[in-house]
Amino acid sequence: MAGISRTVPAWSRGAIAIGAMAVVLAACGSGKTGSGSGDAAGRLSGRGPITLAQGKDTSGNVQNQVNTWNSRHPKEQVRLIELPEDADAQRQQMVQNAQTKSDAYTVLNLDVVWTSEFAANRWITPLPKAQFDLSKFLPPTVQTATYRDQLYAAPWKTDAGLLYYRTDLLKKAGISAPPKTWDEMKTDCGKVKGVNCYAGQFDKYEGLTCNFSEAVDSAGGVVVDDQGKPDVNTPQAKQGLDFLVQGFKSGLIPKEAITYQEEPARRAFEKGNLLFLRQWPYQWALSNKPGSSKVVGKFDVAPLPGLGGPGAPTLGGHNLAISAFAKNKATALDFISFLTSENTERANLLASSEAPTLASLYGDPELRKKFPYLPVLKASLLNAKPRPKAVRYGDVTAAIQEDAYAALTGKMTSDQALADLQNKLGQLIQP
Amino acid sequence: MTTTTAEPETGSVRRGSGRDVQGSGRLAGLLLSPTLLVLALVVGYPIIKALHDSLYQRSQGLDAQGFVVQGDRFVGLKNYLDIFSGDSSSMFWNAFWNTTFFTVTTVVIETVLGVTMALVMHQAFRGRGLVRASILVPWAIPTVVSGLLWRWIFQADGVANALIGTQVLWTTEGFHAKVAVIIADTWKTAPFVGLLVLAGLQTIPRDVYEAARVDGAGAQQQFWRITLPMVKPVLLIAVLFRLLDVLRMFDLPYVLIGERKQSVETLTMLALDEANNLRYGPAAAYATILFVYVALVAYAFVKLLGTDVIGQMRQQGKATSKRKKNTAPVRQEVTA
C-alpha cells in the first residue's frame, strides 16, 4: 500500500517533471539579465562557427544554402539545427534555449508573430538597420520584424492568404473576373449551382486568428491599431465578423468549414466541392498535381475580396533573428545577409516555392513563368496586415480564437464577441 | 501493510532471524542507496521544485522601453486561490469535470471490454496467437498517431460519418467531441486491460474448473464464483493503471479535438497552456493539484476495493505454490 502510493505519483509526474524542468532552467537563468543582450545595435562582434535553428527543413533547401555558405566560409561554418515541424514546439525549444541563456542557437528562424515576445524578453539582439537595405523588402514584411521601431530580425520568407477560385465554373456561369467584394462573391455563388460557395480555415487554432483578422481588416476595421492599441469593438469589425457569421448561417460557408484547417480545406477544394477558398500560396502546386486533385488547371488565384473592394490578407512568414546569448554575432549577421540576399531568396523560391520577401523577385520573368501567381501574391502582400504585435501573443491569439469561434458557432452574437474580445485584449496588451 | 492471513506465517520466520535484522537492514539500505539517490533526483526533486514554483509568479509587465520586467515574485498560495476562485476557476472546474468524466466512462467501458476480450482470447481456438497479437496493435501505436488516425476518421467527410449516415462535426465543441475521445481511448487501451486480464486468467489452475464442473456449476456460476474472484488482483491492477493513466489524459483530446476546446479540455492541457505562455507558477500549481488528485484517487481505490493489491498478488503466488502439497488453501482463496 505504502509502496503503491509512493510510486504512483512518480508515473503521474512525467508531464510535470518536464514543466518543472523548464522552470528549473528558467530559474537558473534569472538574476543576471541584460548583460548578454546589452549590445546596442551595430556592435555585433565575434566570428566563428554558428548554428541556425529552425523547424524541419522539409524542402531540404536550407541545408543546401548552408552548404553553399560553408564552402565559401570555411572558418565560419554554420550548422543547421532542425527543430520539430510543429510551430508551437519550435517556439518552446527556442524559449527554453533563451531561458537557460544557452549559446546553442545563434540564428533563430522566428515565425513573424513571435518577434515582439522575443524582443521584449531580450532574447534576441537588435539588428543594425544600416546593414540591410530595407527599402528592397516588401514594406509589410519589414513591419513584422520590428518591435517599438527597433529592427530585431530580417524578413526571410513571407506568406499571405489568396482567393483560390474555379475558373471553369465561373466561365460556365458567364462570369469573366473573380469577385473583388463579398457582395460580388455572393452574387457569383448564386449563379453557380452544385458546389459550396466559400470556405477558409475556421477550426479553433491559429488559422482562425488569421481568417478572423482578415475579415475584420477587409471590412476596414482593425484588431489592434497602428499604435498597438486594441480597437476591435467597432462597426467595421462587426461587419467583417458578420460576413463570416452570416456566411455560416446562410450556408454560403458550408457547415463543416468550422472543422477546417489548411489541409481539410485544400482537400475539399481539390475534390471540387468549393467554388472559392481562402488559402495560402502553398496549395497552388499541390492542387495542380494530377492524381489526387480533380481541379488541375481549373483554378486560379486572386486577391481576397473585401467589404467595399479588395480585402486585406493576414501576413504569415518567417524572420531571421540573432539570439542574445549567442557567440559570433558578426558571423550571424553576415549569414542573415546572405540568406536574405536576392540570389539566395531566388534559389529558395525555385526549390521550395516559399515566397520571398524581396520585392524585385516578384517581377522576375523566369520566376513568374514557374509561379504564375506571383503578381497576385505581390499585390496581396502589399495590402497585407500583420497579426497583432503583442508580447503576450499566445494569450492574444487564444482570446481571438475563443471569441471568434463563439461567434461563428452561434454561442455569442457578434456584438458580444467583439465587446468581450476588446475587453480581453485591453488587459493583455500593454501600451 | 501486510494482510492478516500472511502475518502468522511470516511471524515465525521473522522471530527466528531476529538477531540478523538490524545488520542486514543496514546493508540493504547501503545497497539500495544508489537507487534511492537516483529516485530522489529524478522523482523527489521535480516534485519539490514544482511545489516550490507553484508559489511564485513570473512578472509579465513591461518597462518604459517595452522590455519585460525580469524576475520571479513570491506570491504564496495566490496561484492556487486563482485557480479555485479567480477568473479562471470556471476553466479549472470544467477541466476537472472533464478529466473525471473521461476517467469514469473510459475505465468502465475499457474494463468490461477488456475482460470480454480476455475471455475470448483465453479460449483455445485456431489462430489464437494471431488474435492475441492483433489485439495488441492499438496499444502499440503511439497515442499521438492514433489521435491523428481518429481525427481522420472523425473529420466531416470521414469514415465515422459515412458509417452512421449523418454529418456530425465531431471535432467541434459539444458532447460529440467527448464521445469521439472516449471511442478513440477505448480503442487504444481496452487491449491493455484485456492482456493483463488474460495473463491473470492463465494462472487459474484448470482443476478448479474441473472441480466446479463435477459439483455441477454452470458457466455463469463458474465466471462469477471462480474466474472473477481469481482474476481480481490482476484486474484491479489493470484498472488502477488505467485510472492513473486517464487522469493524466492529454495527447488524445489535444490531437484529436484540439487545443482550448472546453468540451474536452483536461487538467494537463490547462497546465501546458499556462507553461506555454510562460506562466510557470500557475502551470506548476495545476500540475500539483492534478498530482494530489491522482494520489487521492489511487489511495481511495486501493482502500475501497483492493485491500492491498501487491500483497494480494504475493499471497496468490504463495497459494499457487502451496497447491502442489495441498489444495485446501486454493479453496479458501476462491471462497474468500
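In this text the structure is predicted, and so the values were computed from the model without any measurement.

**Student:** If you had to explain the overall build of chain A to someone new, which residues and values would you point to?
**Tutor:** Assigned secondary structure in chain A consists of 18 helices and 12 strands. Summarising its shape, the C-alpha atoms of chain A cover approximately 65 × 65 × 45 Å along the three principal directions. With 431 residues in all, chain A has 51% of them scored as buried. Considering only contacts in chain A between residues 6 or more positions apart, those separated by 24 or more positions represent 75%.

**Student:** Residues and numbers for the overall build of chain B, please.
**Tutor:** Scanning chain B from N- to C-terminus turns up 15 helices and 2 strands. By residue count, 32% of the 336 residues in chain B fall in the buried class. Expressed as a percentage of contacts within chain B between residues at least 6 apart in sequence, the contacts between residues at least 24 apart total 69%.

**Student:** Describe the domain arrangement of chain A, listing the residues and the values that go with them.
**Tutor:** Residue and element names in this part refer to chain A. Parsing chain A into structural domains produces domain 1 (29–159 + 316–382) and domain 2 (160–315 + 389–428). For domain 1 and domain 2, the distance between their C-alpha centres works out to 29 Å. Each partner contributes to the interface: domain 1 provides 20 residues, whereas domain 2 provides 17 residues. At the level of secondary structure, the elements contributing two or more residues to the side of domain 1 that touches domain 2 comprise helix 5 (115–120), strand 6 (154–160), strand 11 (315–322) and helix 16 (374–382). Here the side of domain 1 that touches domain 2 gets 5 residues from one element, more than from any other, and that element is helix 16. Looking at the side of domain 1 that touches domain 2 residue by residue, the class counts come to 11 nonpolar, 7 polar and 2 charged.

**Student:** Describe the confidence of the model for chain A, with residues and values.
**Tutor:** On average, residues of chain A carry a pLDDT of 89, and 90% of them reach 70 or more. In this model residues 1–42 of chain A is a low-confidence stretch, pLDDT under 50, and it forms 86 contacts with partners more than four residues away in sequence or in other chains.

**Student:** Residues and numbers for the sheet that holds strand 3 (residues 107–111) of chain A, please.
**Tutor:** Residue and element names in this part refer to chain A. Spatial strand order, 2-1-3-11-6-12: 6 strands in an open sheet with mixed pairing. Only two strands of the sheet have a single partner each, and these edge strands are strand 2 (78–82) and strand 12 (355–356). Where strand 1 (residues 50–54) lies against strand 3, 2 bridges are found, and the strand directions are parallel. Each residue of the ladder has a partner; that of L52, found in strand 3, is V107. Running over the sheet, helix 13 (residues 329–339) touches strand 1, strand 2, strand 3, strand 6 and strand 11 and is turned about 150° from strand 11.

**Student:** Quick one: what's the story with the pairing of strand 11 of chain A, residue by residue and with numbers?
**Tutor:** Residues and elements named next belong to chain A. Taken across its 8 residues, strand 11 has 8 buried, putting it largely inside the fold. With burial as the criterion, each face of strand 11 is covered, one bearing L315, G317, N319 and A321 and the other bearing G316, H318, L320 and I322. With 5 bridges connecting them, strand 3 and strand 11 associate as antiparallel partners. Bridge assignment links N109 to a residue of strand 11, and that residue is L320. Where strand 6 and strand 11 come together, 6 bridges link them in antiparallel fashion. Among the inter-strand pairings, D159 is bridged to a residue of strand 11, identified as G316.

**Student:** Now, about unusual backbone geometry: what can you tell me, with residues and values included?
**Tutor:** Backbone geometry places A:R148, a non-glycine residue, at a positive phi of 50°. Summarising the element assignment, A:R148 is placed in the loop between strand 4 (146–147) and strand 5 (150–151). A:R148 gets classed as partly exposed once you count the C-beta atoms within 10 Å, which come to 14. A positive phi is found at B:R260, a non-glycine position, where the angle reads about 55°. The topology assignment puts B:R260 in the loop between helix 11 (251–256) and helix 12 (267–276).

**Student:** Just give me the short version of the sheet that holds strand 9 (residues 274–279) of chain A, but keep the residues and values in it.
**Tutor:** Residues and elements named next belong to chain A. In space, the 4 strands of this open sheet follow the order 8-9-7-10, with mixed pairing throughout. Each edge of the sheet is formed by a strand with only one pairing partner; in this case those strands are strand 8 (196–199) and strand 10 (299–302). Across the sheet, the mean angle from the axis of one strand to that of its neighbour is 15°, orientation sign disregarded. Here 4 bridges tie strand 7 (residues 162–166) to strand 10, and the two strands are oriented antiparallel to one another. Counterpart to R166 in the pairing with strand 10 is F299. Packed on one face of the sheet, helix 11 (residues 262–270) meets strand 7, strand 8 and strand 9 and runs near 155° to strand 9.

**Student:** Which residues make up the confidence of the model for chain B, and what values go with them?
**Tutor:** Residues and elements named next belong to chain B. For chain B, per-residue confidence averages 85 on the pLDDT scale, and residues scoring 70 or more make up 84% of the total. Under a pLDDT of 50 for its full length, residues 1–18 has, in the predicted model, 13 contacts with residues more than four places off or in other chains. Long-range and interchain partners of residues 322–336, a stretch whose pLDDT sits below 50, account for 12 contacts in this model, where long-range means more than four residues apart. Quick note on the complex model: pTM equals 0.84, ipTM equals 0.82.

**Student:** Hey, could you go over the environment of B:I83 for me, with residue numbers and the actual values?
**Tutor:** With respect to the element layout, B:I83 can be found in helix 3 (residues 78–85). Sequence-distant contacts of B:I83, defined by excluding residues within four places in its chain, comprise B:S88, B:S89, B:F92, B:P282, B:A285, B:Y286 and B:I289.

**Student:** Can you tell me about the environment of B:E110, naming the residues and giving the values?
**Tutor:** Residues and elements named next belong to chain B. Checked against the element boundaries, E110 lands in helix 4 (residues 89–122). Residues E110 and V239 lie 129 residues apart in sequence; the distance between their C-alpha atoms is 8.8 Å. Setting aside chain neighbours within four positions, we find E110 in contact with T186, T189, A190, V193 and R242.

**Student:** Talk me through the pairing of strand 3 of chain A; I want residue IDs and the actual numbers.
**Tutor:** Regular strands place their side chains on alternate faces of the sheet. In terms of burial, strand 3 of chain A is largely enclosed, as 5 of its 5 residues are buried. Side-chain alternation along strand 3 of chain A places A:V107, A:N109 and A:D111 on one buried face and A:L108 and A:L110 on a second face that is also buried.

**Student:** Kindly report on the packing of helix 9 (residues 206–218) of chain A against helix 10 (residues 235–250) of chain A, identifying the contributing residues and their values.
**Tutor:** Residue and element names in this part refer to chain A. Axis separation between helix 9 and helix 10 bottoms out at 7 Å; the angle between their running directions is 125°. When the axis of helix 9 is compared with that of helix 10, the two are oblique. Where helix 9 crosses over helix 10, the two elements pack in a sense that is right-handed. Of helix 10, the residues touching helix 9 (which contributes A215, V216 and S218) are A237, G240, L241, F243 and L244. Among the residues forming the contact of helix 9 with helix 10, the class breakdown is 6 nonpolar, 2 polar and no charged.

**Student:** I'd like a rundown of the packing of helix 17 (residues 393–408) of chain A against helix 18 (residues 414–428) of chain A, residues and numbers included.
**Tutor:** All names here are of chain A. Between helix 17 and helix 18, the shortest axis-to-axis distance is 9 Å and the interhelical angle comes to 170°. As the angle between them shows, helix 17 and helix 18 are arranged roughly antiparallel. Only S414, A417, D420, L421, K424, L425 and L428 of helix 18 make contact with helix 17, whose side of the interface consists of D395, V396, A399, I400, D403, A404, A406 and A407. Looking at side-chain class alone, the contact of helix 17 with helix 18 contains 10 nonpolar, 1 polar and 4 charged residues.

Parameters at a glance
Residues numbered from 1 in each chain as written. Chains lettered and ligands numbered in written order. Predicted model: local features only at pLDDT ≥ 70, side-chain atom pairs only at ≥ 80, totals over all residues. Helix = DSSP H or I, 4+ residues; strand = E, 2+ residues; numbered from the N terminus. Buried ≥ 20, exposed ≤ 12 C-beta atoms within 10 Å, placed from the backbone. Contact = placed C-beta atoms within 7 Å. Domains from an automatic or database assignment. Nonpolar A, V, L, I, M, F, W, Y, C, P; charged D, E, K, R; others polar. pLDDT = per-residue confidence, 0-100. Pairing = 2+ DSSP bridges. Axes fitted to C-alpha atoms, helices over the stretch in contact; angles between N-to-C directions. Parallel < 35°, antiparallel > 145°, perpendicular 65-115°, else oblique. Left-handed = near helix turned anticlockwise from the far one by under 90°.

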